[in-house]
Amino acid sequence: MQACFKDKVGDVLLPGDVFSFQMPESITDSKPEKVVCGPGLRRNGDEVLVCKSGILRHKQPNLYWIDSQQRRYVPGKGESVIGIITAKSGDIFKVDVGGSEQASLSYLAFEGATKRNRPNVQVGDLVYSQFIIANKDMEPELVCIDSCGRANGMGVFGAGGLLFKVSLGLVRRLLAPQSEIAKDLEKMFPFEIVVGMNGRVWVKSKTIQQTLIVANLLESCENMTAQQRQTLFRRVADGSI
Amino acid sequence: MANDNAKLSKNLLRMKFMQRGLDADTKEQLEEEERRIISDEHWYLDLPELKAKENFIIEERSFGPCEDLKYGRMSFKGFNTDVEKLMIVMNAPNEEELEEEEISRMETDITDEDMARRYESLVGSMKKKFAKKRERSAIKDVNQNAIETQTKKAFLKPQD
């Protein structure tokens, strides 16, 4: 079963490509291995369809996904995003996360919140939160605590600072382990950054000028080679820009 | 008067308070009838049996587990120390892996021989604990290899 995938790892695939696993009759007794298909792949009966254009990636032992570029965010369970509170209604907040539908966030889903002790959240606040329910048939739901009830940095943030949008691909490049961009940014000056999987990035630094520098650098990182980026960062560090 | 009983309708006989006076034959007959009615009324779908097929393809909608993405809050050069602490905690490798490492190290800490030697000495002290007071003194004697002829205890008359 995995052989069909293995051949194509690293290749460009287009929506509509099909992987089918029609077993020859002779080896049906042997138990086929399980395959996990990540974003960009969709199961349809016994076959796997490609539904995004991009490069097929593989991770041990049996995880396959399509590495694609897009700007539109589709909520996924367990992803951490930056949301904007748009409404307060009864015991839930409505949160704009950039998806097709607004997510709901219970007022009890904050660290230390009880029925009597409501969290101080206003319309327009930024929240860093995690999807607990995200599927195509249901309203997405956010929480600002982990399974142990701790905030772990989630919750309302963003006094001062600047919020902007980048592509989802750039966000993943920023969050990747041993990310080159993050390493380059680290060397510059003290600042704080919050990266949401929905493409929203929030930056805060000591001065507005420095905040703007980081924001502009990140936005220009989108379409640059590693070399171009490093020369640009060096020029910024020298103070020539 | 004797025929009165036979005239009672079946529905009436089926009632709870009538059951007491019924003899075994009529009781069985009624039950039989009831069973037939139930099986007639019981209907089912004329469909082939549903076979639950095992699914070998699992879907995962998020990039997180695919690319091992890091924690989304970052702070550099000490701008926000709380976040820097959190970064260390959240980006640490999985706890399970760490625990496994710890267990393997613990295993090498104390060898089996050490363990055996420790238990060897424990046997004696545990035995002592469960022994009664008199036996305990006997054990001590044995250990000291001083075999004394135990004088039989007897009542001694106090001297005047």
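Residues numbered from 1 in each chain as written. Chains lettered and ligands numbered in written order. Predicted model: local features only at pLDDT ≥ 70, side-chain atom pairs only at ≥ 80, totals over all residues. Heavy atoms only, no water.

Draft legend 1. Summary view of the overall build of chain B. A tally of regular secondary structure across chain B gives eight helices and two strands. Starting at the N terminus and ending at the C terminus, chain B contains elements arranged as α-α-α-β-α-β-α-α-α-α. For chain B, the residues scored as buried account for 13% of the 160 residues in total. Taking all contacts inside chain B whose residues are at least 6 apart in sequence as the whole, residues at least 24 apart take part in 0%. (Helix = DSSP H or I, 4+ residues; strand = E, 2+ residues; numbered from the N terminus. Buried < 20%, exposed > 50% of the residue type's maximum accessible area, 1.4 Å probe, protein only. Contact = heavy atoms within 4.5 Å.)

Draft legend 2. Molecular detail of the sheet that holds strand β1 (residues 57-59) of chain B. In spatial order, the strands read β1(A)-β6(A)-β7(A)-β3(A)-β1(B); together these five strands make up an open sheet with mixed pairing. With partners counted over all chains shown, the strands left at the sheet margins are β1 (12-13) of chain A together with β1 of chain B, one partner each. Looking at chain direction, strand β3 (residues 35-37) of chain A and strand β7 (residues 63-67) of chain A are connected through two bridges and run parallel. Counterpart to Cys37(A) in the pairing with β7(A) is Tyr64(A). (Pairing = 2+ DSSP bridges.)

Draft legend 3. The pattern of salt bridges, seen in detail. Taken as a whole and judged by the stated rule, the model has 13 salt bridges over all chains. With its nearest N and O atoms 3.3 Å apart, the salt bridge here joins Asp184(A) to Arg229(A). Of this pair, Asp184(A) sits in helix α3 (residues 180-186) while Arg229(A) is found in helix α5 (residues 226-238), placing the two residues 45 residues apart along the sequence. Assessed through its relative accessible area of 5%, Arg229(A) is described here as buried. Arg35(B) serves as the salt-bridge partner of Glu32(B), at 3.8 Å between the closest nitrogen and oxygen. With Glu32(B) and Arg35(B) both in helix α3 (residues 24-41), this residue pair falls three residues apart, about one helical turn. A network of salt bridges, in which partner residues are shared, links Arg57(A), Asp67(A), Arg172(A) and Glu67(B). (Salt bridge = Lys/Arg side-chain N within 4 Å of Asp/Glu carboxyl O.)

Draft legend 4. Representation of the interface of chain B and chain A in the model. Between chain B and chain A, the residue contacts involve 30 residues of the former and 53 residues of the latter. For the pair chain B and chain A, the two sides together bury roughly 3700 Å², of which 61% comes from carbon and sulfur. On the chain B side of the interface with chain A, the three residues burying the most area are Phe56(B), Phe76(B) and Phe79(B), jointly 20% of the side's total. Our count for the chain B to chain A interface comes out at three salt bridges. For the salt bridge of Lys59(A) with Asp68(B), the shortest nitrogen-to-oxygen distance reads 3.3 Å. Across the contact surface, chain B and chain A share 23 residue pairs in polar contact (both at pLDDT 80 or more). Broken down by secondary-structure element, the contributors of at least two residues to the side of chain B that touches chain A are β1, α4 (64-67), β2 (73-76) and α5 (81-90) of chain B. For the side of chain B that touches chain A, the class distribution of residues is 14 nonpolar, six polar and 10 charged. Alignment of β3(A) against β1(B), held across three bridges, turns out to be parallel. Pairing of Cys37(A) across the sheet is with Glu59(B), part of β1(B). (Buried area = accessible area lost by both parts, 1.4 Å probe. Polar contact = N/O pair within 3.5 Å; in protein donor to acceptor, adjacent residues only side chain to side chain. Nonpolar A, V, L, I, M, F, W, Y, C, P; charged D, E, K, R; others polar.)

Draft legend 5. Structural view of the UniProt feature "domain: Exosome complex exonuclease Rrp40 N-terminal" (unreviewed entry) in chain A. The sites that carry the UniProt feature "domain: Exosome complex exonuclease Rrp40 N-terminal" (unreviewed entry) are, in the present numbering, residues 38-72 of chain A. End C-alpha to end C-alpha, residues 38-72 of chain A measures 17 Å, and it is 0% helix and 54% strand. (UniProt positions renumbered as here; feature names shortened; annotations may be inferred.)

Draft legend 6. Spotlight on the pairing of strand β11 (residues 126-133) of chain A. All names here are of chain A. Both strand β8 (residues 80-89) and β11 contribute to a ladder of five bridges, which runs antiparallel. Directly across from Ile 82, in β11, lies its bridge partner Tyr 128. Bridge count for β11 against strand β13 (residues 155-157) is three bridges, and the pairing is antiparallel. Following the sheet pairing, Leu 126 is matched in β13 by Phe 157. Note: β11 against strand β12 (residues 141-143), three bridges, orientation antiparallel. Within the sheet, the bridge partner assigned to Gln 130 lies in β12 and is Val 143.

Draft legend 7. Just the nonpolar core, in detail. Leu105(A), Leu185(A), Ile193(A) and Leu218(A) are the most contacted members of the largest nonpolar core, which totals 64 residues. Dropping the residues within four chain positions of it, Leu218(A) is found in contact with Phe164(A), Leu170(A), Leu174(A), Ile181(A), Leu185(A), Ile193(A), Val201(A) and Val203(A). (Core = buried A, V, L, I, M, F, W, Y, C linked by side-chain atoms within 4.5 Å.)

Draft legend 8. Up close: the layout of surface pockets. Taken as a whole, the second largest pocket spans an internal volume of roughly 890 Å³. In terms of lining, the second largest pocket is formed by 30 residues, of which the most central are Val74(A), Pro75(A), Gly76(A), Lys136(A) and Arg61(B). Counting residues per element, the ones that place at least two in the lining of the second largest pocket are β4 (41-44) and α2 (168-175) of chain A. Grouping the constituent residues of the lining of the second largest pocket by class yields 12 nonpolar, six polar and 12 charged. (1 Å grid on protein atoms, 1.4 Å probe; cavity = no way out; pocket = protein on both sides within 12 Å on 5 of 7 lines; lining within 4 Å. Points joined across faces, edges and corners; volume = space filled by probe spheres on them.)

Draft legend 9. Broad picture of the sheet that holds strand β5 (residues 47-50) of chain A. Residue and element names in this part refer to chain A. With antiparallel pairing, three strands are arranged side by side in an open sheet as β2-β5-β4. The open sheet has two edge strands with one neighbour each: β2 (18-20) and β4. Shown here is a sheet whose adjacent strand axes are inclined to one another by a mean of 25°, direction ignored. Of the strand pairs in this sheet, β2 and β5 are connected by three bridges, and their pairing is antiparallel. Residue Phe 19 lies in a different strand from β5, and its bridge partner there is Val 48. (Axes fitted to C-alpha atoms, helices over the stretch in contact; angles between N-to-C directions.)

Draft legend 10. Fine view of the side chain of Asp146(A). Within the fold, Asp146(A) resides in the loop between β12 and β13. With near-sequence residues (within four places) excluded, Asp146(A) lies in contact with Asn152(A) and Met154(A).

Draft legend 11. Quick look at the packing of aromatic side chains. Summed over the entire model, instances satisfying the criterion amount to six aromatic pairs over all chains. Arg172(A) extends its terminal NZ or CZ atom over the ring of Phe63(B), reaching a point 3.6 Å from the ring centre. (Phe/Tyr/Trp six-rings, centres within 6.5 Å; stacked < 30°, edge-to-face > 60°. Lys NZ or Arg CZ within 6 Å of the ring centre and 35° of its normal.)

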